[in-house]
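Descriptive structure summary
The lines below spell out each chain.
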Amino acid sequence: MDIKQNYIEKGQGEPLIMLHGNGEDCTYFKRQMDDFSKHFRTISLESRGHGDTAYGEKPFSLFQFADDLKDFMNENDIPKAHILGFSDGGNVAIIFAMRYPEMVDKLIIDGANLNLDGLKKYFVLSVKLRYRFSKNDKVLKLLDLMLKEPDLSFEDIKCITAKTLVMAGTNDLIKLSHTKKIAQAIPDSRLCILKGPHSLAAVKPREFNKAVLDYLL
């Protein structure tokens, strides 16, 4: 692996790996660590080019992030784990579950989207405007991810075999219809819509943590 990924770890037991969203870092899940670590070996992993983790030489891509997760698990002797991903981290989790089904126990995706059509129009417009006028290379790379990836179809995700919890907020920037279609497309899935915004884990940690633990335990 061309990089060393930064991460936070707490607890023992079955591994639960959490993947943050676009432009964030492994501290995004700080309000989950205490609750989840009572039951699991809880790892909040940082994507390349985020936080204190280097970009490395490989592509800055959600598909590469999924391969990075595989390498991280192999290097840390984790043959299989529960995977929880938020936003772009949820997109990475979807790709990972498609590519490496044998490495996924239960899958939890929160505020994920398969393509640009899954995002509400106001948010897409804001991203496009920021991309047009930003001169910051790091910001442009992050915006580019949102505009171009993962570009999957509902048919693509029908291959996911892991038991899956599909989550989103009532005021999410992901279209509710898109979230529902994701849940419908994944064969063994359950839909959970919580009152709140896109960043449920940060803004509504009590409700979010309970929903996740109710599903995993």
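Use the structure listed above.
Let me sum up the structure you'll find in this document. (Residues numbered from 1 in each chain as written. Predicted model: local features only at pLDDT ≥ 70, side-chain atom pairs only at ≥ 80, totals over all residues. Heavy atoms only, no water.)

1. Describing the packing of aromatic side chains
In this structure the tally under the stated criterion is six aromatic pairs. The interplanar angle of 5 degrees and the centroid separation of 4.6 Å between the aromatic rings of Tyr-28 and Phe-86 together place this pair among those described as stacked. Of the two residues, Tyr-28 is situated in the loop between β2 (15-19) and α1 (33-37) and Phe-86 in strand β4 (residues 81-86); the sequence distance between them amounts to 58 residues. Judged by its relative accessible area of 1%, Phe-86 is buried. For the ring pair Phe-60 and Phe-65, a centre distance of 5.4 Å and an interplane angle of 75 degrees mean the geometry is edge-to-face. For the residue pair Phe-60 and Phe-65, the accessibility class agrees, reading buried in each case. Taken together through their ring pairs, the aromatic side chains of Tyr-28, Phe-29 and Phe-86 make up a single cluster. Residue placement shows Lys-106 over the ring face of Tyr-215; its charged tip is 5.0 Å from the ring centre. Above the ring of Tyr-55, the side-chain terminus of Lys-141 is found at 4.3 Å from the ring centroid. (Phe/Tyr/Trp six-rings, centres within 6.5 Å; stacked < 30°, edge-to-face > 60°. Helix = DSSP H or I, 4+ residues; strand = E, 2+ residues; numbered from the N terminus. Buried < 20%, exposed > 50% of the residue type's maximum accessible area, 1.4 Å probe, protein only. Lys NZ or Arg CZ within 6 Å of the ring centre and 35° of its normal.)

2. Considering the sheet that holds strand β5 (residues 104-110)
In spatial order, the strands read β1-β3-β2-β4-β5-β6-β7; together these seven strands make up an open sheet with mixed pairing. Of all the strands in the sheet, the pair left with one neighbour each is β1 (7-10) and β7 (189-197). Each strand of the sheet is rotated relative to its neighbour by a mean of 15 degrees, with strand direction disregarded. Note that strand β6 (residues 163-171) and β7 share seven bridges and pair parallel. Within β7, the position partnered with Leu-165 by the bridge is Arg-190. Contacts between helix α3 (residues 88-99) and the sheet are confined to β2, β4 and β5, with β4 contributing the most and set at about 140 degrees to the helix. (Pairing = 2+ DSSP bridges. Axes fitted to C-alpha atoms, helices over the stretch in contact; angles between N-to-C directions. Contact = heavy atoms within 4.5 Å.)

3. Observations regarding unusual backbone geometry
A cis amide bond, omega 10 degrees, links Glu-149 with the succeeding residue Pro-150. Inspection of the secondary structure puts Pro-150 in the loop between α5 (137-148) and β6. The residue Asp-77 is not glycine, and still its phi comes out positive at about 55 degrees. Among the structural elements, Asp-77 can be located in the loop between α2 (62-75) and β4.

4. Section: the environment of Asn-209
For Asn-209, the location among the structural elements is in helix α8 (residues 205-216). With sequence-adjacent residues up to four places away left out, Asn-209 is seen in contact with Arg-31, Gln-32, Asp-35 and Phe-36.

5. A few points about the side chain of His-198
Tracing the chain through its elements places His-198 in the loop between β7 and α7 (200-203). When its relative accessible area of 11% is taken as the criterion, His-198 is described as buried. A polar contact is formed between the side chain of His-198 and the side chain of Asp-172, at a distance of 2.5 Å. Every residue in contact with His-198, bar those within four places of it in the chain, is listed here: Phe-86, Ser-87, Asp-110, Gly-111, Asn-171, Asp-172, Leu-173 and Ile-174. (Polar contact = N/O pair within 3.5 Å; in protein donor to acceptor, adjacent residues only side chain to side chain.)

6. Some thoughts on the packing of α2 against α3
Interhelical geometry of α2 versus α3 gives an angle of 65 degrees and a closest axis separation of 8 Å. Relative to α3, α2 is oriented roughly perpendicular. As for the relative orientation of α2 and α3, their crossing is right-handed in sense. Contacts between α2 and α3 involve Leu-62, Phe-63, Phe-65, Ala-66, Asp-67, Leu-69, Lys-70 and Met-73 from the former and Asp-88, Asn-91, Val-92, Ile-95, Phe-96 and Arg-99 from the latter. For the contact of α2 with α3, the per-class residue count stands at nine nonpolar, one polar and four charged. (Parallel < 35°, antiparallel > 145°, perpendicular 65-115°, else oblique. Left-handed = near helix turned anticlockwise from the far one by under 90°. Nonpolar A, V, L, I, M, F, W, Y, C, P; charged D, E, K, R; others polar.)

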